[in-house]
Amino acid sequence: MSEPTTSLHGEFLDETNDARSEPSDGDVPDELADGESTAIAEGSMMEGNPGLSLTETDVPDPFLVDDPDEPISDSEDEDEEPVPPSEYDVTPADEIALAQSTIFSPPTAAFLLNKPTPPTPNPSSPKPFTSPSAPLARKDEDSSSSSEEDDSPLDLYLPKLVLPTMFHPLPNTDPLSTLLNKYIPPEKRPYRDLSGDNPQRHDFHTLVMTNNWRAIAKMARDRIVASDPSEVSVILNLWYIRLASLARLRLFSQTTAECNNLFNALQSTTLSPSASNTQIPGSRSAPPTPAAAGFQTQTQAYADNMYDYIRTHLLPFELLVLKARTKYWAGDHMGYLDELRALLGWCKSMSRRACTGSISRSFGSVKPGKPKSKAKRDEQAVSMWKERGARLILIMASQLIEIKDYTAAVHLLNSLASSSHPVPHLEAIILRTHLQSGLVPLAEGHLHSILSADSTLSPDELKLTCESLAKSAEGQWEEVETQLRTFVDKEKLKGSANVDKSYFVAVNNLSVAMLSQGKLKEAIQVLEDALHQSPSTIVTAEPFLFNLSTLYELRSNTAADKKRDLLIEVGKWAGDGVRTSCLKMPAT
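Quantities reported herein were computed from a predicted structural model and do not represent experimental measurements.

**Q** Looking at this structure, I do not really get the overall build of the chain. What am I missing?
**A** Helices and strands together make up the secondary structure of the chain, namely 22 helices and zero strands. The buried share of the chain, taken over its 588 residues, is 50%. A sequence separation of at least 24 residues applies to 72% of the contacts in the chain between residues at least 6 apart. In the structure as shown, the chain presents an accessible area of about 26,800 Å², 52% of it carried by carbon and sulfur atoms.

**Q** Please clarify how the packing of helix H15 (residues 440-452) against helix H16 (residues 460-473) should be interpreted in this entry.
**A** The relative placement of two packed helices comes down to the angle between their axes together with the axis-to-axis distance. Running from N to C, H15 and H16 point in directions that differ by 160 degrees, and their axes come no closer than 10 Å. By the criterion of interaxial angle, the relationship of H15 to H16 is roughly antiparallel. Two packed elements cross with a definite hand, and for H15 against H16 that hand is left-handed. Across the interface between the two elements, Val440, Leu447, Ile450 and Leu451 from H15 touch Leu462, Lys463, Cys466, Glu467, Ala470 and Ala473 from H16. Here the residues of the contact of H15 with H16 are counted per class, giving eight nonpolar, no polar and two charged.

**Q** Quick question: what am I supposed to make of the environment of Leu413 here?
**A** Along the chain, Leu413 turns up in helix H13 (residues 406-417). Taking the C-alpha atoms as reference points, Leu413 and Ile393, separated by 20 residues in sequence, lie 7.6 Å from one another. Leu413 has contacts with Leu394, Ala397, Leu426, Ile429, Ile430 and Thr433, leaving out every residue within four places of it along the chain.

**Q** Hey, could you run me through the packing of aromatic side chains in this one?
**A** The geometry of an aromatic ring pair is captured by the separation of the ring centres together with the interplanar angle, meaning the angle of the planes. Under the definition given, this model contains seven aromatic pairs. Arranged with centres 6.3 Å apart and planes meeting at 90 degrees, the rings of Phe317 and Trp385 form a pair that is edge-to-face. You can see Phe317 sitting in helix H10 (residues 317-329) and its partner Trp385 sitting in helix H12 (residues 379-402), a full 68 residues away along the chain. Each member of the pair Phe317 and Trp385 is classed as buried. Between the aromatic rings of Tyr503 and Phe504, the centroid separation amounts to 5.1 Å while the plane-to-plane angle is 75 degrees, which identifies the pairing as edge-to-face. A relative accessible area of 1% means that Tyr503 is categorised as buried. Each member of the aromatic cluster is reached from another via a ring pair, and the members are Phe317, Trp346 and Trp385. For the cation-ring pair, Arg325 lies above Tyr328, with the distance from its terminal atom to the ring centre recorded as 4.0 Å. It is Lys584 that lies over the ring of Phe546; its NZ or CZ is 5.1 Å from the centre.

**Q** Sorry, what's going on with helix H17 (residues 477-492) here?
**A** Residue pairs spaced three or four apart in an α-helix point in one direction, given the helix's 3.6 residues per turn. Counted at 1.5 Å a residue, the expected span for H17 with its 16 residues is 22 Å, and the 22 Å between its end C-alpha atoms agrees. Looking only at H17, the buried set comprises Trp477, Val480, Glu481, Leu484, Phe487, Val488 and Glu491. Within H17, the buried residues cover an arc of 140 degrees as seen down the axis, which keeps them to one side. Along H17, exposed side chains directed more than 90 degrees from the buried face belong to Glu478, Thr482, Thr486 and Lys490.

About the criteria used
- Residues numbered from 1 in each chain as written.
- Predicted model: local features only at pLDDT ≥ 70, side-chain atom pairs only at ≥ 80, totals over all residues.
- Heavy atoms only, no water.
- Helix = DSSP H or I, 4+ residues; strand = E, 2+ residues; numbered from the N terminus.
- Buried < 20%, exposed > 50% of the residue type's maximum accessible area, 1.4 Å probe, protein only.
- Contact = heavy atoms within 4.5 Å.
- Areas by Shrake-Rupley, 256 points an atom, 1.4 Å probe, with all protein chains shown as cover.
- Axes fitted to C-alpha atoms, helices over the stretch in contact; angles between N-to-C directions.
- Parallel < 35°, antiparallel > 145°, perpendicular 65-115°, else oblique.
- Left-handed = near helix turned anticlockwise from the far one by under 90°.
- Nonpolar A, V, L, I, M, F, W, Y, C, P; charged D, E, K, R; others polar.
- Phe/Tyr/Trp six-rings, centres within 6.5 Å; stacked < 30°, edge-to-face > 60°.
- Lys NZ or Arg CZ within 6 Å of the ring centre and 35° of its normal.
- Expected span 1.5 Å × (residues − 1).
- Arc of directions from axis to C-beta.

What follows is the structure, given as structure tokens:
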């Protein structure tokens with residue numbers, strides 16, 4: 001067997017590392033294809049960049065500070081109270097549920113997918129209106145000018161969103177099944193159900209825990225098609241579940257196509273009356289009635305068309321981020337950053353409106369009869385939009401790190417860490433970025449902040465990981481091995497049922513430290529012990545599989561048999577959407 005061209009030297013996994021999606025279906029990312037990185041961290045921490053200065057300066061918060069060329073309205077003069085970074089839950093960017101959304105959380109998603117499917121509407125049954133050009137209907141008797149109704153949502157009827165033609169069929173195979181058919185004989189080949197039928201009627205939580213994304217995508221599609229077109233909010237949440245499941249299946253082309261279908265349908269929605277003379281209050285096609293005058297003022301103050309209203313008040317924010325992500329899957333990395341920056345600017349605008357009380361959370365329009373100076377500040381909306389902006393900054397920083405623009409990434413991250421309230425997890429991301437760019441002296445300052453922080457803010461596992469990263473950058477492998485071995489042995493005493501993610505992170509890092517000292521056999525044993533201890537956890541950690549496959553190749557006399565055994569374990573436990581390139585077994 002030929003010598004492997006990859007090495008695990010100097011690379012670590014930690015909780016702050018982002019898991020990134022690939023630009024196309026089944027494509028291998030550069031860090032895996034070109035053999036430059038075999039551990040979970042991306043980039044090399046050992047290479048310096050002499051062109052960068054070793055000093056850090058204060059930078060403005062790109063979310064809280066206005067752009068010089070951006071016009072400021074009169075309603076934006078009030079000072080905003082920045083949300084301290086301690087309120088941010090700093091997790092890997094691609095695992096973040098953006099904003100305080102109820103979508104795709106286990107309770108809500110389980111309710112949406114598990115409730116009985118309503119009967120398909122009878123085409124001959126009466127509809128709120130008869131013309132497809134009238135997606136909006138509002139009861140006249142409810143069009144009073146009372147203050148309680150100022151914030152009432154619109155009654156929408158969008159049949160385009162539930163058309164079966166909006167969806168594409170799921171493929172009946174996947175790359176993992178292809179590898180199993182090629183390398184594993186039928187009598188040893190584990191069974192995998194690719195129909196997505198869910199015959200055992202597992203609930204949503206079980207499907208997520210077993211990575212059965214194919215069944216979730218099919219359930220979401222069936223629920224959408226059978227839904228009442230007037231339940232727009234429920235339908236859009238189901239759409240997010242559908243598209244997120246397709247992305248998990250790594251069907252990026254299909255995800256992009258269905259996402260485009262959804263947004264084309266939403267953007268074609270306009271404010272127009274129905275052919276049955278159902279007059280929309282405030283419609284442009286006819287003068288508004290006195291009872292609808294206040295409603296027209298509310299509508300026209302914020303949006304010129306119905307899509308603006310849907311985007312602000314009904315469309316899950318995660319869907320907007322996923323729509324931007326389609327640029328990344330198409331290979332347009334800068335276009336992806338541009339889309340994220342546009343979303344960030346929109347979050348800034350909505351946060352300012354909430355600060356001045358010029359929007360309400362349920363409708364988002366100017367409240368007539370209430371001077372701006374007396375408007376009540378909506379604290380919940382302010383917190384929501386700032387949280388969304390902060391998480392967008394994290395996603396943008398993650399993308400900048402991927403394209404190796406470390407200076408811009410640190411600039412964004414420092415803007416979130418500039419408050420007097422320290423956030424150790426955010427400090428850990430900045431430390432890692434400095435190490436990847438080779439700026440070890442700058443990383444030492446952040447390491448000191450993490451180690452000196454209170455244990456309630458900076459857990460011992462985070463301190464251990466960051467200290468190991470810093471020492472590995474200086475080549476202190478023996479000390480790294482000693483620290484990690486002590487932690488791993490301590491966690492083993494808890495039993496396999498009580499270990500958490502930090503244990504498997506430490507195991508992976510320990511194997512890298514051993515390999516760097518030439519202890520190849522011991523490194524393999526450490527990873528295999530973890531695989532046998534919790535196979536369902538390990539086989540879904542693709543970089544872990546990549547490291548173990550690389551170690552097997554370094555022991556070329558047993559590589560083929562060992563990798564086939566590993567493939568069988570992956571087929572048993574991995575579920576859907578595994579990136580098979582991490583197994584380093586060609587499919588052709």
